Amino acid sequence: MINLKNVSKWYGHFQVLTDCTTEVQKGEVVVVCGPSGSGKSTLIKTVNGLEPIQQGNILVNGTEVNNKKTNLAQLRSKVGMVFQHFELFPHLSIIDNLVLAQVKVLKRDKAAARDKGLKLLDRVGLTAHAQKFPGQLSGGQQQRVAIARALCMDPIAMLFDEPTSALDPEMINEVLDVMVELAQEGMTMMVVTHEMGFARKVANRVIFMDEGKIIEDTRKDDFFNNPQSDRAKDFLAKILH
Ligand SMILES: Nc1ncnc2c1ncn2[C@@H]1O[C@H](COP(=O)(O)OP(=O)(O)O)[C@@H](O)[C@H]1O
Ligand SMILES: [Mg+2]
């Protein structure tokens with residue numbers, strides 16, 4: 001579903017990604033972790049073309065992300081992305097946040113978009129909040145809305161960039177629960193997170209990054225039980241204690 005081959009990227013003279021190669025199969029859940037500044041956000045943003053690359057190749061469901069002929073808006077509508085900060089439109093009600101891209105990008109009719117929005121709002125347990133504005137919801141609720149909004153587009157894969165790291169601790173689980181459910185239903189997911197409980201529960205593989213390189217890319221159990229590099233051992237020791 002997602003295929004990165006020898007991907008390198010520079011910001012000016014600074015090389016942020018070096019020769020990153022990995023793939024995510026349909027239905028697979030891959031957790032990306034590593035120290036701050038190691039390139040996790042950049043890597044995940046290259047997958048839906050939010051960050052261009054200078055070397056290598058990225059295929060999403062057979063589409064070349066970095067081909068000039070690729071329609072990036074269309075690609076992004078199929079690859080949902082959820083960020084640390086929810087990025088809902090503050091001046092639109094929750095339901096209107098869910099309807100907007102369906103109508104604008106997918107050209108769905110308004111009534112169908114509304115039905116879909118309400119269905120997904122129900123799924124994340126927020127039906128009662130449809131008419132409220134984002135500012136009236138807690139961080140955890142807003143992030144669940146952001147996930148519902150991405151799901152309204154019928155994505156073929158979902159990218160998450162530290163979706164719980166801006167949340168108060170008591171709200172982290174309500175968001176993780178939604179993500180666990182998605183994973184268990186077979187959604188293809190690439191998730192940047194330091195929530196190792198989530199990784200242990202649903203990840204198939206773990207990618208560990210450091211200084212713009214993929215240092216480890218292994219099955220989950222191997223990563224936790226038998227990390228190969230000193231840097232991954234270090235990281236795990238810090239994060240698990
Ligand atoms: N737009 C940018 N311009 C220049 N440097 C950037 C930009 N975005 C990120 N960086 C740098 O690239 C490195 C990796 O950033 P990032 O992908 O955000 O790492 P992570 O998500 O692992 O914390 C960092 O050193 C960061 O300062
Ligand atoms: Mg980041």
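Residues numbered from 1 in each chain as written. Chains lettered and ligands numbered in written order. Predicted model: local features only at pLDDT ≥ 70, side-chain atom pairs only at ≥ 80, totals over all residues. Heavy atoms only, no water.

The name an unreviewed UniProt entry gives the chain is Arginine transporter ATP-binding subunit, with Pantoea septica as the organism. UniProt, in the comment section headed Subcellular location (unreviewed entry), describes the chain in these words: "Cell inner membrane". Checking UniProt for the chain, the heading Sequence similarities (unreviewed entry) contains the comment "Belongs to the ABC transporter superfamily. Drug exporter-2 (TC 3.A.1.117) family." (UniProt positions renumbered as here; feature names shortened; annotations may be inferred.)

A.B. asks: Hey, could you go over the overall build of the chain for me, with residue numbers and the actual values?
C.D. replies: The helix and strand tally for the chain stands at nine helices and 10 strands. The dimensions of the chain, computed from C-alpha atoms along their principal axes, are 50 × 45 × 30 Å. Within the chain, the fraction of its 241 residues that count as buried is 51%. In the form shown here, the chain has an accessible surface area of approximately 11,500 Å², with 48% of it arising from carbon and sulfur atoms. Each charge class in the chain was averaged separately, 29 positive and 28 negative side chains, and the resulting centres sit 6 Å apart. (Helix = DSSP H or I, 4+ residues; strand = E, 2+ residues; numbered from the N terminus. Buried < 20%, exposed > 50% of the residue type's maximum accessible area, 1.4 Å probe, protein only. Areas by Shrake-Rupley, 256 points an atom, 1.4 Å probe, with all protein chains shown as cover. Lys, Arg positive; Asp, Glu negative; His and termini not counted. Charge placed at Lys NZ, Arg CZ, Asp CG, Glu CD.)

A.B. asks: Any chance you could break down the UniProt feature "domain: ABC transporter" (unreviewed entry) in the chain for me, citing the residues and the numbers?
C.D. replies: If you check UniProt for "domain: ABC transporter" (unreviewed entry), the listed places come out as residues 2–236 in our numbering. Structurally, residues 2–236 is divided into 38% helix and 26% strand, and its ends, taken at the C-alpha atoms, are 26 Å apart.

A.B. asks: Which residues make up the environment of Ser138, and what values go with them?
C.D. replies: Residue placement: Ser138 occurs in the loop between helix H4 (110–123) and helix H5 (139–151). The spatial distance from the C-alpha of Ser138 to the C-alpha of Ala148 is 15 Å, given a sequence separation of 10 residues. When neighbours within four sequence positions are excluded, Ser138 is seen to be in contact with Met171 and Glu174. (Contact = heavy atoms within 4.5 Å.)

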